[in-house]
Amino acid sequence: MTSHTAERSLGTDVQVAKGRRRRGSGWHAYLFVAPSLFGVLAFLLLPMVIVLVLSLFDWELLSDPTFVGLDNYRRLAGDGQTWHSLGVTIAYVLLCIPLQTVLALSLAMLLNQRVKGVRFYRSLFVVPWMATPIVLALIWGWIFDPRDGAINSALALVGVTGPDWLSDPTWALPAVALVSVWQYTGYNMLFFLAGLQGIPKELHDAAETDGATPAQRFWRVTLPLLNPTMFFVSVTNLIGSFQVFDTVYAMTDGGPSHTTEVINFRIFQTAFKEFDFGYAATLSTLLFLIIFLVTMAQVRFFGKRTTYDLS
């Protein structure tokens, strides 16, 4: 055997040995992934499968489940109350998402300045997010009180008679949406603030040198580079808004006249007041599909407009 052949054989043996070590040590990685993987399987994928299967049954909790196939879905097609609840949910999303996003971005830009006490203000705006929705709903229920509430008392000072906010079909849903906007604006501000601080200052300096106005720098530099943050905030906000329940439950209980009966509240009513768990699972499947489709649309929209490399 020549020396060249021996070296090549030795090199091959070394590569094989390294490959075996890599394959042998791969199981350590699964130990680190296992807790998260268990959580995903046990608390996300498994419940989804159970709900999907349950939607094919008629089950009133105290009786044995009866397989009905697609009957629940046929019932859903003609259920006007459910489609009304879905319409209320969409209206709620449209009230919350744009206003919440604009306010969060505006606050982030204001608090991205070097001013005295900026850290205190950043913390202050996040406080509402730290409170539980039920407690906030009770407090805001007093604020919206038509007789002694803070809002109508303030309006009375300027000679304006405020409406009965939570009992008026016109104002009930906007009032509930306002509470959610107030609660989550500061939380979303943190993500926009992080995104703003991740934009290299040199880009703004170059645009200013080229004669760009502050408005032009915002629309052509800041906003495009915030697309990753905007994508995350939009997706999480939309999912959270479609799943709203506790604020509605505590403030209006779905009223007045079902004007705040969002789809999650409808699912709750169907499951725990009508004890129709099979049909409630069908409504949950519908909500999941809607959120999934809208999220995929957002992924496609932002995917072509987002860059993650600012180097």
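Use the structure listed above.
Residues numbered from 1 in each chain as written. Predicted model: local features only at pLDDT ≥ 70, side-chain atom pairs only at ≥ 80, totals over all residues. Heavy atoms only, no water.

**Here we look at the overall build of the protein**
Phase 1: Across its full length, the protein carries 14 helices and two strands.
Phase 2: Across the 311 residues in the protein, those meeting the buried criterion constitute 36%.
Phase 3: Considering only intrachain contacts with a sequence separation of at least 6, the fraction spanning at least 24 residues in the protein is 68%. (Helix = DSSP H or I, 4+ residues; strand = E, 2+ residues; numbered from the N terminus. Buried < 20%, exposed > 50% of the residue type's maximum accessible area, 1.4 Å probe, protein only. Contact = heavy atoms within 4.5 Å.)

**Side note on the layout of surface pockets**
Phase 1: What the largest pocket holds in volume is close to 680 Å³.
Phase 2: Elements represented by at least two residues in the lining of the largest pocket include exactly α8 (172-197), α9 (201-209) and α10 (214-225).
Phase 3: Taken together, the residues that form the lining of the largest pocket break down as five nonpolar, five polar and six charged.
Phase 4: The volume enclosed by the second largest pocket comes to roughly 490 Å³.
Phase 5: What lines the second largest pocket is a set of 18 residues, and nearest its centre among them are Met 48, Ser 284, Thr 285, Leu 287 and Phe 288.
Phase 6: Those elements that place two or more of their residues in the lining of the second largest pocket are α2 (27-54) and α14 (277-303).
Phase 7: Of all the elements, α14 adds the most residues to the lining of the second largest pocket, at eight residues. (1 Å grid on protein atoms, 1.4 Å probe; cavity = no way out; pocket = protein on both sides within 12 Å on 5 of 7 lines; lining within 4 Å. Points joined across faces, edges and corners; volume = space filled by probe spheres on them. Nonpolar A, V, L, I, M, F, W, Y, C, P; charged D, E, K, R; others polar.)

**Quick look at the packing of aromatic side chains**
Phase 1: Scanning the model with the defined rule gives 23 aromatic pairs in all.
Phase 2: Here the aromatic rings of Phe 191 and Phe 232 are separated by 4.9 Å at their centres, their planes lie at 55°, and the arrangement is tilted. Remark: Phe 232 occurs in helix α11 (residues 227-242) and Phe 191 occurs in helix α8; sequence separation between them is 41 residues.
Phase 3: Phe 191 gets classed as partly exposed once you look at its relative accessible area, which sits at 26%.
Phase 4: Arranged with centres 5.7 Å apart and planes meeting at 90°, the rings of Phe 272 and Phe 277 form a pair that is edge-to-face.
Phase 5: Following the ring pairs from residue to residue traces out a cluster consisting of Trp 59, Phe 245, Tyr 249, Phe 265, Phe 268, Phe 272 and Phe 277.
Phase 6: The ring of Tyr 279 has Arg 75 sitting right over it, with the charged end atom 3.7 Å from the ring centre. (Phe/Tyr/Trp six-rings, centres within 6.5 Å; stacked < 30°, edge-to-face > 60°. Lys NZ or Arg CZ within 6 Å of the ring centre and 35° of its normal.)

**What about the packing of helix α4 (residues 80-110) against α11?**
Phase 1: Where α4 contacts α11, the two axes come as close as 10 Å, and the packing angle between them is 145°. α11 is crossed by α4, and the crossing has right-handed handedness. Across the interface between the two elements, Thr 89, Ile 90, Tyr 92, Val 93, Cys 96, Ile 97, Gln 100, Thr 101 and Leu 105 of α4 pack against Met 230, Asn 237, Leu 238, Ser 241 and Phe 242 of α11.
Phase 2: Grouping the constituent residues of the contact of α4 with α11 by class yields nine nonpolar, five polar and no charged. (Axes fitted to C-alpha atoms, helices over the stretch in contact; angles between N-to-C directions. Left-handed = near helix turned anticlockwise from the far one by under 90°.)

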